[in-house]
Amino acid sequence: MKKLWAAVLTLCLVFIATPALAYELREPIGDYPLTTEDITLTIMIQQDTLVEDYETNQFTLWIEEMTGVDLEFEFLPANAAEALNKLSVMCASGQELPDIVNIGISLADLEAIASSGAFIPLDDYIGTITPNLDLACETFASDNLLKYATSSDGHIYGLPTLGCGIHDQVPKKLVMNTTWLENLGLDVPMTTDELYEVLKAFKEQDPNGNGIADEYPLVGSTDYDPAVAIMNAFIYDDDDQHIIIEDGIIKPAYTQEAWREGLRYLNKLCEEGLLAPITYTQDYNQLRTMVNNEGDCIVGAFQYLSQNMCATTSDFYNQYFIIAPIQGPEGVQYASYIRAYPKPQWFVTADCKYPELAVMVGDLLYSDTAVLLNRFGIEGEHYVLAKEGDVCCFDDWEPILMQTNAGIDLWSEGQNVYWRNKIPTVMNHLLNGYVWNGDELDGNWRIGQGATQYYRYIPEEGTYLPLLLLSEDESYELADYKISVLNYADECKVRFITGDLDIETDWDNYIAELEANGLSDYMNLLQTVYDRQK
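Treat the numbers as computed from the prediction; the structure is a model and nothing was measured. (Residues numbered from 1 in each chain as written. Predicted model: local features only at pLDDT ≥ 70, side-chain atom pairs only at ≥ 80, totals over all residues. Heavy atoms only, no water.)

The next thing to look at is the overall build of the protein chain. Helix and strand counts for the protein chain come out as 18 helices and 12 strands. Rg of the C-alpha trace for the protein chain: 25 Å, near the compact-globule value of 24 Å for 534 residues, within the 12% margin. Dimensions along the principal axes, computed over C-alpha positions, put the protein chain at roughly 75 × 55 × 35 Å. Evaluated residue by residue, the protein chain yields a buried proportion of 53% over its 534 residues. Of the roughly 22700 Å² of accessible surface on the protein chain, a fraction of 49% belongs to carbon and sulfur atoms. In the protein chain, the 28 positive side-chain charges and the 86 negative ones have mean positions that sit 2 Å from each other. (Helix = DSSP H or I, 4+ residues; strand = E, 2+ residues; numbered from the N terminus. Rg over C-alpha atoms; globule rule 2.2 N^0.38 Å. Buried < 20%, exposed > 50% of the residue type's maximum accessible area, 1.4 Å probe, protein only. Areas by Shrake-Rupley, 256 points an atom, 1.4 Å probe, with all protein chains shown as cover. Lys, Arg positive; Asp, Glu negative; His and termini not counted. Charge placed at Lys NZ, Arg CZ, Asp CG, Glu CD.)

In structure tokens form, the structure reads like this:
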């Protein structure tokens, strides 16, 4: 029955007729099945409570039908940190491992595991028996799939994965209540001066019309601070290490005069009650409760991935829209950019008797056929492919698919169709390829249009800090500096904004304390690693 189900699924995936497709899918390359022998490969994967049964999962059945290999599963904890810790202990203690370990591991964390000899290098296999990965490397050359899968010893231990749409790469977006703008006859603000006037009107002119001064013009939480989006109107802020690069030289943004000017502006908003101080004491759930207030709408603007901070079932949902990045007084206009980088995902262990076969099974998963099934479900049932003339929700990107009403909510619904993204793959193009359904209030359309606005303002290559390929010792050193330097800088940012520190009289002491905490040594470390991997 298991093989019969897989055969039916394969027919559905391969032979559904689709008229004049807008995008040419990358079908699997290679001779399938990979074997006619009775071979079983065991896979260790993180347990996912929203996957009902990996053995009978339709994605599993499709892989088995395509490759001729029977798959059996062993599980790591669902929590990523716990999973990595358990795997690390198993490797360090020399426990016998399954044939394949399928879990994303950063190069820094991989150092110790690789040195234990638990995983075999895949260098000799890549480029010889990996036609689907080879095509992905060629098609998405700018993503440097193999570079960011290469450990410091020069070996590649895991087939890489990369799956992050532009929506998630520009997460710090300002979302504004456009109904309030309409109520007050205001335009969407485009500059810091215009933003100030809009927020002032939100505070003083009763935009929700209830006759009560209950509005919060701009509010956030400790993990969704709107100061990040606003600081990008003064100087680039990645909201991580707050680093800028000028002519190849790494500098801390938080010591620059432009950062100080941004703090002056944010302090002004806070002092006048336009940026709520509770931003720096409340958490995400408290912010979400405010945005979804049970009575009148009370929030004018916030920072989030999208308008979906407001529940789609809320009466307020269609009031909120992402607005474009704000431009500062010097013409600065950036979007915080979290570039998606590959990481090793599919590891073949030293205990595997069929390493070549294990690599080829992983290679199959780079085809669009595999990616579509594992991310979106079955064509015709959970999604349909784009046709000529369809419009993409993300400007500048190619329309590829539209999820149907039967589409599975990957993030909340239990299902037995796919593994929920946990494979070596490249899917950025698919995640940016949602077809617009023609409704201007459609959630995907609004997210796509908002993300596109921000993506156009990401910093130029060579001006932001890329993923640094650190040794294990460098990783520990960097972690120490994040505690001694970054934590202090972030703490003082909040104190300057809220007025607990004076931007004029306390600035010099702030700079001196950063230096005393190791700022120069921290920058030297980053510069050394950055120069090494240019």
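Let's shift gears to the packing of helix H2 (residues 58–67) against helix H13 (residues 368–376). Across the interface, H2 lies against H13 with an axial gap of 9 Å and an inter-helix angle of 160 degrees. The pairing of H2 with H13 is recorded here as roughly antiparallel in orientation. When you trace H2 past H13, the crossing you get is right-handed. Along its contact with H2, which presents Gln58, Phe59 and Trp62, the element H13 presents Thr369, Ala370, Leu373 and Asn374. Considered class by class, the residues forming the contact of H2 with H13 number four nonpolar, three polar and no charged. (Axes fitted to C-alpha atoms, helices over the stretch in contact; angles between N-to-C directions. Parallel < 35°, antiparallel > 145°, perpendicular 65-115°, else oblique. Left-handed = near helix turned anticlockwise from the far one by under 90°. Contact = heavy atoms within 4.5 Å. Nonpolar A, V, L, I, M, F, W, Y, C, P; charged D, E, K, R; others polar.)

Within the element layout of this structure, Asn416 appears in the loop between strand E12 (401–403) and helix H14 (428–431). Take Asn416: its relative accessible area is 18%, and that puts it in the buried class. As for Asn416 and Thr56, which are separated by 360 residues in sequence, their C-alpha atoms are 7.5 Å apart. Not counting chain neighbours up to four residues away, the residues in contact with Asn416 comprise Glu52, Asp53, Thr56, Asn57 and Gln58.

Spatial strand order, E2-E1-E3-E10-E4: five strands in an open sheet with mixed pairing. Looking at which strands have only one partner, the edges of the open sheet turn out to be strand E2 (70–76) and strand E4 (158–161). Across this sheet, the average inter-strand angle for adjacent strands is 30 degrees, counted without regard to direction. (Pairing = 2+ DSSP bridges.)

This part is about the sheet that holds strand E9 (residues 320–322). If you trace the three strands from one edge of the open sheet to the other, you get E8-E5-E9, paired in antiparallel fashion. The two strands at the open ends of the sheet, each matched to only one other strand, are strand E8 (301–304) and E9. Averaged over neighbouring strand pairs, the angle between their axes works out to 30 degrees when direction is ignored. Sheet analysis places strand E5 (residues 173–177) next to E8, joined by four bridges and oriented antiparallel. Residue pairing in the sheet places Met176 in a bridge with Ala301 of E8. Running over the sheet, helix H15 (residues 443–455) touches E5 and E9 and is turned about 35 degrees from E9.

This part takes up the packing of aromatic side chains. In this structure the tally under the stated criterion is 27 aromatic pairs. With a centroid separation of 5.1 Å and an interplanar angle of 85 degrees, the aromatic rings of Phe59 and Trp419 are classed as edge-to-face. Pair noted here: Phe59 is in helix H2 and Trp419 is in the loop between E12 and H14, with a separation of 360 residues, a long-range link. For the pair shown, Phe59 and Trp419 are each scored as buried. Ring centres 5.6 Å apart and planes at 50 degrees place the aromatic pair Tyr224 and Tyr284 in the tilted group. Of this pair, Tyr224 sits in the loop between helix H8 (192–204) and helix H9 (227–231) while Tyr284 is found in helix H11 (residues 284–291), placing the two residues 60 residues apart along the sequence. Counting every residue linked through ring pairs, the aromatic cluster contains Tyr54, Phe59, Trp62, Phe73, Phe75 and Trp419. Of note, Arg375 hangs over the ring of Phe376, and the distance from its end group to the ring centre comes to 4.8 Å. (Phe/Tyr/Trp six-rings, centres within 6.5 Å; stacked < 30°, edge-to-face > 60°. Lys NZ or Arg CZ within 6 Å of the ring centre and 35° of its normal.)

Moving on: the environment of Asp48. Mapped onto the elements, Asp48 comes out in the loop between strand E1 (40–46) and H2. Judged by relative accessible area, which is 6%, Asp48 ranks as buried. When the C-alpha atoms of Asp48 and Asn79 are compared, they prove to be 9.3 Å apart, with 31 residues separating the residues in sequence. For Asp48, the residues in contact, after removing those within four places along its chain, are Tyr54, Arg420 and Lys422. At a separation of 2.8 Å, a polar atom in the side chain of Asp48 contacts the side chain of Arg420. (Polar contact = N/O pair within 3.5 Å; in protein donor to acceptor, adjacent residues only side chain to side chain.)

On to the pattern of salt bridges. A side chain of one charge can pair with a side chain of the opposite charge if their charged atoms are brought near each other. Scanning the model with the defined rule gives 20 salt bridges in all. For Lys422, the salt bridge identified is with Asp48, shortest N-O distance 2.9 Å. Here Lys422 is found in the loop between E12 and H14, whereas its partner Asp48 is found in the loop between E1 and H2, with 374 residues between them in sequence. One continuous salt-bridge network, built from bridges that share partners, spans Glu257, Arg260, Glu261, Arg264 and Glu504. (Salt bridge = Lys/Arg side-chain N within 4 Å of Asp/Glu carboxyl O.)

Within the secondary structure, Lys493 sits in helix H16 (residues 472–498). A relative accessible area of 9% places Lys493 in the buried class.

Let us now look at a negative patch on the surface. Side chains of Glu472, Asp473, Glu477, Asp480, Glu515 and Asp521 sit close together on the surface and give a patch of like negative charge. Counting residues per element, the negative patch draws most heavily on H16, which supplies four residues. Here Glu515 shows up in helix H17 (residues 507–516). On the accessibility criterion, Glu515 (40% relative accessible area) is partly exposed. (Patch = residues over 30% accessible without salt bridge, like charges linked within 9 Å, V, L, I, M, F, W, Y side chains within 5 Å.)

Moving on to H16. With 27 residues, H16 should reach 39 Å at 1.5 Å per residue; the first-to-last C-alpha distance of 38 Å fits that figure. A bend of about 35 degrees at Lys482 is the largest found in H16. Residues of H16 that are buried: Glu474, Leu478, Tyr481, Val485, Leu486, Tyr488, Ala489, Cys492, Lys493, Phe496 and Ile497. In this structure, the buried side of H16 is in contact with H9, helix H10 (257–271), H17 and helix H18 (519–532). In the segment just after H16, Gly499 is the residue with positive phi, at about 95 degrees. (Expected span 1.5 Å × (residues − 1). Bend = angle between axes of the 7 residues up to and from the residue.)

Before going further, it helps to examine helix H12 (residues 355–364). It helps to recall that an α-helix has 3.6 residues per turn; residues three or four apart then point in one direction. The buried count for H12 comes to eight of 10 residues, which makes it a mostly enclosed element. Every buried residue of H12 is listed here: Leu357, Ala358, Val359, Met360, Val361, Gly362, Asp363 and Leu364.

Our focus in this paragraph is the confidence of the model for the protein chain. Scored by pLDDT, the protein chain comes out at a mean of 92, with 95% of its residues at no less than 70. Counting interchain partners and residues more than four positions distant, the pLDDT-below-50 stretch residues 1–19 has 27 contacts. (pLDDT = per-residue confidence, 0-100.)

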